[in-house]
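# Tertiary structure, described
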Amino acid sequence: MPFRQVGDLRIFEFKSFSSEVLTHGIVTRNGGFSSSPWNSLNVGGGLGDSEKIVEKNIRRIFDALGRAIVSKYDVWQIHSARFHVAELPYEQHRADILVTDNPELTLFMRYADCVPIMLYDPQAQAIALAHAGWRGIVENVPAVAVQALTSTYGSNPANIIAALGPAICKECYPVGVEVVDQLKQALGSDTTHTIVRRNGNPHLDLWSLCEMLLHRAGVNSIESASICTATNLDDWFSHRAEKGKTGRFAALLGLVG
Ligand SMILES: [Zn+2]
């Protein structure tokens, strides 16, 4: 079972990541303090939910995963391919990729349909956490995340283990033709297999896009959760399926010191 129950929390875990070296989890919306439409484990600010409650939710998640709340390192996510090297002291930056080799830090990001990307290099003992929707993919978030590990910690992409978390699936994700045009322009025509037509409209396969871009960047080991956020609303927040009136779920990644 990819899900682990810790008290009231239900946490998705990848098979590829051993708990001896990494603490990680993609935390479902169950077991928090927020009321509808953020019910209940919302970690997103600026959505109308109480900031105090969001803080309580985040604290509960860190307790469940056994990480100190002071280790939390997050960013202001802006649908970009900007990366930031997480180091102490904490500073909040605008970015969608975080990398670190410091076991005292827990990388933390928020999602509702975009793809959570986790990277681990066992040789360099370095990690990356990223957030990729279509805008981030146009800017090649997967490759920039790999390059961030390469340039900062000397990682060899062939050593990197990648994992893709729950996100909106291709059946549930219609996009406009302008999105398709931007993707093809930025990433080349071999993206065609990642765009499917349903009822005459293009739909985007975010997982396939991430896999393709990770492969191109030299990563061979990729695990995908293959869980759709939009059709599993008991577990996940979905910006699309809930028409923007929803919360954000958390992904955490930290090295065990
Ligand atoms: Zn779906």
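All figures in this text were calculated on a predicted structure; none of them were measured in a lab.

Burial analysis of helix α5 (residues 206-216) places 8 of its 11 residues in the buried class, which makes it a mostly covered element. All buried positions along α5 are accounted for by L206, W207, S208, L209, C210, M212, L213 and L214. Just downstream of α5 lies G218, where phi reads positive at about 100°.

On to helix α1 (residues 51-65). Over its 15 residues, α1 extends 21 Å from the first C-alpha to the last, a length consistent with the 21 Å expected when each residue adds 1.5 Å. For α1, every residue scored as buried is listed here: V54, N57, I58, I61, F62, A64 and L65. For α1, the angular spread of buried residues about the axis comes to 165°, placing them on one side. Opposite the packed face of α1, turned more than 90 degrees from it, sit the exposed residues K52, E55 and D63. Check the buried side of α1 and you find it contacts β1 (3-6), β2 (9-12), β3 (22-27), β4 (72-73), β7 (106-111) and β14 (249-255). Where α1 begins, the side chain of S50 points an oxygen toward the backbone nitrogen of K52, at a separation of 3.2 Å. The first or second residue beyond α1 is G66, which carries a positive phi of 70°.

The next thing to look at is unusual backbone geometry. Residues N39 and S40 are joined by a peptide bond in cis, for which omega reads -10°. Inspection of the secondary structure puts S40 in the loop between β3 and α1. Omega for the peptide link from L88 to P89 comes to 0°, which places this bond in the cis form. Its location among the elements puts P89 in the loop between β5 (83-85) and β6 (97-100). For H79, which is not glycine, the phi torsion reads 55° and is therefore positive. Within the element layout of this structure, H79 appears in the loop between β4 and β5. Positive phi, close to 50°, is recorded for N199, a residue that is not glycine. Along the chain, the position of N199 falls in the loop between β11 (195-198) and β12 (201-204). Classification of N199 as exposed rests on a relative accessible area of 75%.

Per the stated rule, a full pass over the model turns up 8 salt bridges. D74 serves as the salt-bridge partner of R110, at 3.0 Å between the closest nitrogen and oxygen. Here D74 lies in the loop between β4 and β5 and R110 lies in strand β7, a separation of 36 residues in the sequence. Given a relative accessible area of 4%, D74 falls into the buried group. The partner of R198 in a salt bridge is E171, and the shortest N-O contact between them spans 2.6 Å. Here the residue R198 occupies a position in strand β11, and E171 occupies one in the loop between β10 (161-164) and α4 (177-187), the gap between them amounting to 27 residues. Overall, the relative accessible area of 40% leaves E171 in the partly exposed class. Through salt bridges with shared partners, one network takes in K72, D74 and R110.

The rules behind the values
Residues numbered from 1 in each chain as written. Predicted model: local features only at pLDDT ≥ 70, side-chain atom pairs only at ≥ 80, totals over all residues. Heavy atoms only, no water. Buried < 20%, exposed > 50% of the residue type's maximum accessible area, 1.4 Å probe, protein only. Helix = DSSP H or I, 4+ residues; strand = E, 2+ residues; numbered from the N terminus. Expected span 1.5 Å × (residues − 1). Arc of directions from axis to C-beta. Contact = heavy atoms within 4.5 Å. Polar contact = N/O pair within 3.5 Å; in protein donor to acceptor, adjacent residues only side chain to side chain. Salt bridge = Lys/Arg side-chain N within 4 Å of Asp/Glu carboxyl O.

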